[in-house]
Amino acid sequence: MAAKTVSFEEALKKLEDAVHKLEEGSLGLEESLKTFEDGIQWSRHCHNRLADAEKRVEILLKTDKEEMVQVAFDLDDEEEE
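Residues numbered from 1 in each chain as written. Predicted model: local features only at pLDDT ≥ 70, side-chain atom pairs only at ≥ 80, totals over all residues. Heavy atoms only, no water.

Participant: Which parts of the structure should I look at to understand the pattern of salt bridges?
Facilitator: In a structure, side chains of opposite charge can pair up when their charged atoms sit close to one another. Counted by the stated rule, this structure contains 2 salt bridges. With its nearest N and O atoms 2.7 Å apart, the salt bridge here joins Asp 17 to Lys 13. Here Asp 17 pairs with Lys 13, and both are found in helix α1 (residues 8-24), just 4 residues apart, close to one helical turn. Asp 17 sits in the partly exposed class, given a relative accessible area of 32%. Between Lys 34 and Asp 38 there is a salt bridge; the shortest N-O distance is 2.7 Å. (Salt bridge = Lys/Arg side-chain N within 4 Å of Asp/Glu carboxyl O. Helix = DSSP H or I, 4+ residues; strand = E, 2+ residues; numbered from the N terminus. Buried < 20%, exposed > 50% of the residue type's maximum accessible area, 1.4 Å probe, protein only.)

Take a look at the structure:
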């Protein structure tokens, strides 16, 4: 499946699956390396999709005067709630 056609949610699920497989500790060396490489790919895909979403949000938050309204994204606060 091409990474560009994969949604953020699908990529995150694939990343979580890779992490789970590695945490189990039952894979051989070569399979562990392949799974790790796949996980890195999905992590980068998720990061890129989030960066793109942040850019889109910034565009949407422009005021009528074309000035940027800065909004702090503090994900740590949301996770603690």
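Participant: Would you mind going over the packing of α1 against helix α2 (residues 29-60) with me for this structure?
Facilitator: Contact geometry for α1 and α2: axes closest at 8 Å, N-to-C directions at 150°. Put simply, α1 runs roughly antiparallel to α2. Viewed along their axes, α1 and α2 form a crossing whose handedness is left-handed. Where α1 approaches α2, its residues Phe 8, Ala 11, Leu 12, Lys 14, Leu 15, Ala 18, Lys 21 and Leu 22 are matched on the opposing element by Ser 32, Thr 35, Phe 36, Gly 39, Trp 42, Ser 43, His 45, Cys 46, Arg 49 and Leu 50. Partitioning the contact of α1 with α2 into residue classes produces 10 nonpolar, 5 polar and 3 charged. (Axes fitted to C-alpha atoms, helices over the stretch in contact; angles between N-to-C directions. Parallel < 35°, antiparallel > 145°, perpendicular 65-115°, else oblique. Left-handed = near helix turned anticlockwise from the far one by under 90°. Contact = heavy atoms within 4.5 Å. Nonpolar A, V, L, I, M, F, W, Y, C, P; charged D, E, K, R; others polar.)

Participant: So what exactly am I meant to see when it comes to α2 here?
Facilitator: Residues three or four positions apart in an α-helix share a direction because the helix packs 3.6 residues into each turn. Helix length check: α2, at 32 residues, gives a terminal C-alpha distance of 46 Å against a target of 46 Å (1.5 Å per residue), a fit within 8%. Buried within α2 are the following residues: Thr 35, Gly 39, Trp 42, His 45 and Cys 46. (Expected span 1.5 Å × (residues − 1).)

Participant: Got a minute to help me understand the environment of Gly 39 in this structure?
Facilitator: Within the secondary structure, Gly 39 is located in helix α2. As for Gly 39 and Asp 17, which are separated by 22 residues in sequence, their C-alpha atoms are 8.5 Å apart. What Gly 39 contacts, discounting residues up to four positions off in sequence, is Leu 15 and Ala 18.

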